[in-house]
Amino acid sequence: MRMGLIFIRTAIIYITLLLIMRLMGKRQIGEMQPFELVVTLLISELACIPMADTSIPLLYGIVSILTIYLLHQIVCLIDLYCPPLKYVVSGKPSVVLNKDGIDEYQLRKNSLDVSDLMESLRTAGYFSLSAVEYALYEANGAFSALPKAGYEEEQTSLPLLVADEGKYNAKNIALTGMPPSFFADILKKQGIKNVKKVLAMTVDGTGKVFLQEKGKKRKIFTVPLPEGKRW
Amino acid sequence: MVKTLLSILISLLLIAGVAVFETWYVDKTFGEFSAQLETLYEKTEDESATRGDAEAVRVSWNEKKKVLHVWVPHNDISYVDYWLSEGLSLIETGQYDDALSKLEVLKEICRNIPAAYAFSFENIF
């Protein structure tokens, strides 16, 4: 019953990998659905081992690959015809930025942080958190954003993440050429006594600030910058 | 949808068919070989085993292993080859006591190989 054992063992590994891919969140997924990634990961190895090791009967590889094909077809059927299970197998899109600001829960759920979100925005052509109405990670890990009308005019300077996840970003503060106290003052004026309460704070070279406290809505405002301080 | 379901069904049938045939064939082959070994073992115990008996077992095994290579990892078959060669050469030179221990190992290997493929918790994990 060796072939039966191979079938069961392959199915166990397939399901475990699929589960792990889903648990890892969208950060680990490229532009494939989790179950597609699992197939890609498994097939190459399964094909190589019996091909290279002549002491293993070729049938072992063929049965494993056939099992992967079988499971993949079942998962594809679930994906197409069974919406409740589709979310279990493929996941669903996560709206990480909406009109209220960054959805911290969705970011955490997908093992992402604010800098990852900003990176995805920049890759999509949006350099500011305030340039988009909505941003989401699709089930396959791809990033989509709905920009605000006329966002191009606002993108005249690069916003820098000066504080995120309750900490100042010393490197970005140095890039602004401003002392840390300048940003602490901005927080104080907004009624935030401690940076630990800040989820994200970006400032661009025109003085436009995106500020969001943890568990609260975003605020977008402009602060005057000292003469000659632009980036 | 129909095409996908059909492909799932065909794959399942293929895997099940191969699994059932492989179980039947490996069990049957090792069963036959074990019986031949048992006969040779008894003759060796009586010190009546001849070069011809030993050669007959060797020929039978060589025939069987040609097809067994399709189903069983080649290393497992090599173990049988190794112990069989030792056991048979001892019989051919009349060293029956030494040959018995080699045949005992062979009988154990022939029991273990099909058991290692059995559908059991420890074999799955």
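Structure shown above.
Note on numbering: residues in each chain are counted from 1, in written sequence order. Written order decides the labels, with chains lettered from A and ligands numbered from 1. Local features in this predicted model are restricted to residues of pLDDT 70 or higher, and side-chain atom pairs are both shown and tallied only at a pLDDT of 80 or more, whereas totals for entire chains, interfaces and linings draw on every residue.

**A closer look at the overall build of chain B**
- The helix count covers DSSP runs of H or I at least four residues long, the strand count covers runs of E at least two residues long, and both are numbered beginning at the N terminus. When helices and strands are tallied, chain B shows 5 helices and 0 strands.
- Scanning chain B from its N terminus toward the C terminus, one meets helices and strands in the order α-α-α-α-α.
- When burial is assessed residue by residue, chain B has 25% of its 125 residues classed as buried.
- Once C-beta atoms have been placed from the backbone, residue pairs whose C-beta atoms lie within 7 Å are recorded as contacts. Taking all contacts inside chain B whose residues are at least 6 apart in sequence as the whole, residues at least 24 apart take part in 64%. Our exposure labels follow a C-beta count within 10 Å of each residue's own C-beta, placed from the backbone: buried means 20 or more other C-beta atoms, exposed means 12 or fewer, and partly exposed covers the counts in between.

**Quick word on unusual backbone geometry**
- Positioned with a positive phi, Ser111(A) is a non-glycine residue whose angle comes to about 55°.
- Summarising the element assignment, Ser111(A) is placed in the loop between helix H5 (104-109) and helix H6 (114-123).
- Within the chain, Glu47(B) stands out as a residue other than glycine whose phi angle is a positive 60°.
- On the basis of neighbour count, Glu47(B) is assigned to the exposed category, with 11 C-beta atoms found within 10 Å.

**Regarding the nonpolar core**
- Take the buried Ala, Val, Leu, Ile, Met, Phe, Trp, Tyr and Cys residues, join any whose C-beta atoms are within 7 Å, and the set you get is a nonpolar core. With 28 residues, the main nonpolar core has Val96(A), Ile102(A), Val114(A), Leu117(A), Ala200(A) and Met201(A) as its most contacted residues.
- Elements with a contribution of two residues or more to this core: strand S1 (94-98), H6, strand S3 (132-137), strand S5 (160-164), helix H9 (180-189), strand S7 (198-203) and strand S8 (208-213) of chain A.
- Those residues within four positions of Ile102(A) in sequence are excluded, and the remaining contacts are Val96(A), Leu97(A), Leu107(A), Val114(A), Leu117(A), Leu199(A), Ala200(A) and Gln212(A).
- One finds Ala49(B), Leu68(B), Leu103(B) and Cys110(B) within the second-largest nonpolar core, a separate group that totals 22 residues.

**Concerning the interface of chain A and chain B**
- Counting from both sides, the interface comprises 21 residues of chain A and, opposite them, 22 residues of chain B.
- The element best represented in the side of chain A that touches chain B is helix H3 (residues 58-81) of chain A, accounting for 10 residues.
- Residues were grouped as follows: Ala, Val, Leu, Ile, Met, Phe, Trp, Tyr, Cys and Pro as nonpolar; Asp, Glu, Lys and Arg as charged; and all remaining residues, including Gly, as polar. Classifying every residue of the side of chain A that touches chain B gives 15 nonpolar, 4 polar and 2 charged.

**Remarks on the sheet that holds strand S9 (residues 218-222) of chain A**
Residue and element names in this part refer to chain A.
- Reading across from one edge, S6-S5-S7-S8-S9 is the order of the 5 strands in this open sheet, with antiparallel pairing throughout. The sheet is open, and its two edges are formed by strand S6 (167-168) and S9, each paired on a single side.
- The pairing criterion for strands is at least two bridges between them, as found by DSSP. Pairing of S5 with S7 involves 4 bridges; the strand directions are antiparallel. The residue bridging Leu161 from the neighbouring strand is Thr202, located in S7.
- Each axis is a line fitted through C-alpha atoms, and for a helix only the stretch in contact is used; angles between axes span 0 to 180 degrees, taken between their N-to-C directions. This element, H6, spans S5 and S7 of the sheet and lies at about 160° to S5.

**Examining the packing of H3(A) against helix H1 (residues 2-45) of chain B**
- Remark: H3(A) packs on H1(B), axes separated minimally by 10 Å, with the N-to-C direction vectors making an angle of 150°. When the axes of H3(A) and H1(B) are compared, the pair comes out roughly antiparallel. Between H3(A) and H1(B) lies a crossing whose hand is left-handed. Facing H3(A), whose interface residues are Leu59(A), Val63(A), Leu66(A), Thr67(A), Tyr69(A), Leu70(A), Gln73(A), Ile74(A), Cys76(A) and Leu77(A), H1(B) presents Thr4(B), Ser7(B), Ile8(B), Ser11(B), Leu12(B), Leu14(B), Ile15(B) and Val18(B). Oblique is the label for any angle not under 35 degrees, not over 145, and not in the 65 to 115 range, which are roughly parallel, roughly antiparallel and roughly perpendicular in turn. Two helices crossing with the near one rotated counterclockwise from the far one by less than a right angle form a left-handed crossing, whereas a clockwise rotation gives a right-handed crossing.

**With respect to helix H1 (residues 2-24) of chain A**
- Look at H1(A): 32 Å from first C-alpha to last across 23 residues, which is about the 33 Å you get at 1.5 Å a residue.
- Buried residues of H1(A): Arg2(A), Met3(A), Gly4(A), Ile6(A), Phe7(A), Thr10(A), Tyr14(A), Leu18(A), Met21(A) and Arg22(A), and no others.
- Its buried side turned inward, H1(A) meets helix H2 (34-52) and H3 of chain A together with H1 and helix H2 (51-71) of chain B. Under the convention used throughout, the expected extent of a helix is 1.5 Å for every residue step, that is, one less than its residue count.

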